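# Report on the structure
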Amino acid sequence: MKKILVIHGPNLDLLGERETNVYGKTTLKKINELLTKLAKKNKVTLEIVQSNHEGELVDIIGQAKKNKFNAILINPAAYTHTSVAIRDAIAAISLPTVEVHLSNIYAREEFRHTSLIAPVSFGQVSGFGVDSYLLGLQAAISLI
Ligand code: DQA
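Residues numbered from 1 in each chain as written. Predicted model: local features only at pLDDT ≥ 70, side-chain atom pairs only at ≥ 80, totals over all residues. Heavy atoms only, no water.

## A short note on the overall build of the protein chain
On a plain count of helices and strands, the protein chain comes out with five helices and five strands. Along the protein chain, helices (α) and strands (β) appear in the sequence β-α-α-β-α-β-α-β-β-α when read from the amino end. Relative to the 2.2 N^0.38 estimate, which gives 15 Å for 144 residues, the radius of gyration of the protein chain is 14 Å and therefore close to what a compact globule would have. With the principal axes as the frame, the protein chain shows a C-alpha extent of 40 × 30 × 25 Å. The long-range share in the protein chain, meaning contacts at least 24 apart out of those at least 6 apart in sequence, stands at 76%. Within the structure as shown, the protein chain displays about 7200 Å² of accessible surface, and the carbon and sulfur contribution to it stands at 53%. (Helix = DSSP H or I, 4+ residues; strand = E, 2+ residues; numbered from the N terminus. Rg over C-alpha atoms; globule rule 2.2 N^0.38 Å. Contact = heavy atoms within 4.5 Å. Areas by Shrake-Rupley, 256 points an atom, 1.4 Å probe, with all protein chains shown as cover.)

See below:
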């Protein structure tokens, strides 16, 4: 069975209580349940991780090919705008990667308008709340 690595970046563990006007009230646990349901329907396996630590994310991405993942679905959260290290890790493993954001990063503060991850991703889904994840997973499944 094909395997997709789902990565949630910093502060996404706080979804449901964090800036609910921007990110909605859905918890990360609920998002993961919805993703798992969609994955099962499409007969793919998911491994889901969340970390607030840049280096840990770099380690996980760097091992993704060795760990036999076929694609990555990632919400890099704040690291989207700052992390050359995560960008380089994605470039290094050359697995199809889909970037997702709950909010529309281009409609927010200027510092969020730049994604260092977008140029090394297959594509990006931004602004559809929980549906960004579901659309992103659907895209990742179609790629593999
Ligand atoms: C986010 C957008 C980022 O700018 C922000 O730092 C996040 C969440 C989103 O899903 O909308 O933490 O990636």
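## Structural notes on the site of the ligand
In the region of the ligand, the neighbouring residues are Arg18, Tyr23, Asn75, Ala77, Ala78, His81, His101, Leu102, Ser103, Ile105, Arg108 and Arg112. In this structure, arginine 18 approaches the ligand through a side-chain N or O atom, which is 3.0 Å from an oxygen atom. Interatomic distance of 3.2 Å between a backbone N/O atom of alanine 78 and an oxygen atom of the ligand. Taken by itself the ligand offers 320 Å² of open surface, and the protein chains cover 98% of this. Its residues assigned to classes, the shell around the ligand shows five nonpolar, four polar and three charged. (Near = heavy atom within 4 Å. Polar contact = N/O pair within 3.5 Å; in protein donor to acceptor, adjacent residues only side chain to side chain. Nonpolar A, V, L, I, M, F, W, Y, C, P; charged D, E, K, R; others polar.)

## Structural notes on the sheet that holds strand E3 (residues 71–75)
Spatially, E2-E1-E3-E4-E5 is the arrangement adopted by the five strands of the open sheet, whose pairing is parallel. Because the sheet does not close on itself, it has two edges, and the strands there are strand E2 (45–50) and strand E5 (123–126). Across this sheet, the average inter-strand angle for adjacent strands is 20°, counted without regard to direction. Two elements, strand E1 (residues 3–8) and E3, share five bridges in a ladder whose sense is parallel. When the sheet's bridge partners are listed, leucine 5 is paired in E3 with isoleucine 72. (Pairing = 2+ DSSP bridges. Axes fitted to C-alpha atoms, helices over the stretch in contact; angles between N-to-C directions.)

## Structural notes on the packing of helix H2 (residues 28–41) against helix H5 (residues 130–143)
For any two helices packed against each other, the geometry comes down to the angle between their axes and how far apart the axes lie. Packing of H2 against H5 leaves a shortest axis separation of 10 Å and a crossing angle of 25°. Of the possible angle classes, the one that applies to H2 and H5 is roughly parallel. H2 and H5 meet at a crossing whose hand is right-handed. When H2 is examined against H5, the residues Ile31, Leu34, Leu35, Leu38 and Ala39 are found in contact with a partner set consisting of Val130, Tyr133, Leu134, Leu137 and Gln138. Of the residues that constitute the contact of H2 with H5, the class distribution is nine nonpolar, one polar and no charged. (Parallel < 35°, antiparallel > 145°, perpendicular 65-115°, else oblique. Left-handed = near helix turned anticlockwise from the far one by under 90°.)

## Section: unusual backbone geometry
At glutamate 19, a position not held by glycine, the phi torsion is positive, near 35°. Looking at where glutamate 19 falls in the secondary structure, it is placed in the loop between E1 and helix H1 (20–23). Classification of glutamate 19 as partly exposed rests on a relative accessible area of 40%. In this model, lysine 43 sits at a positive phi of 55°, which is unusual for a non-glycine residue. (Buried < 20%, exposed > 50% of the residue type's maximum accessible area, 1.4 Å probe, protein only.)

## Focus: the environment of lysine 43
Considering the arrangement of structural elements, one finds lysine 43 in the loop between H2 and E2. The class of lysine 43 is exposed, set by a relative accessible area of 63%.

Spatial relationships are all this shows, so hold off on functional conclusions.
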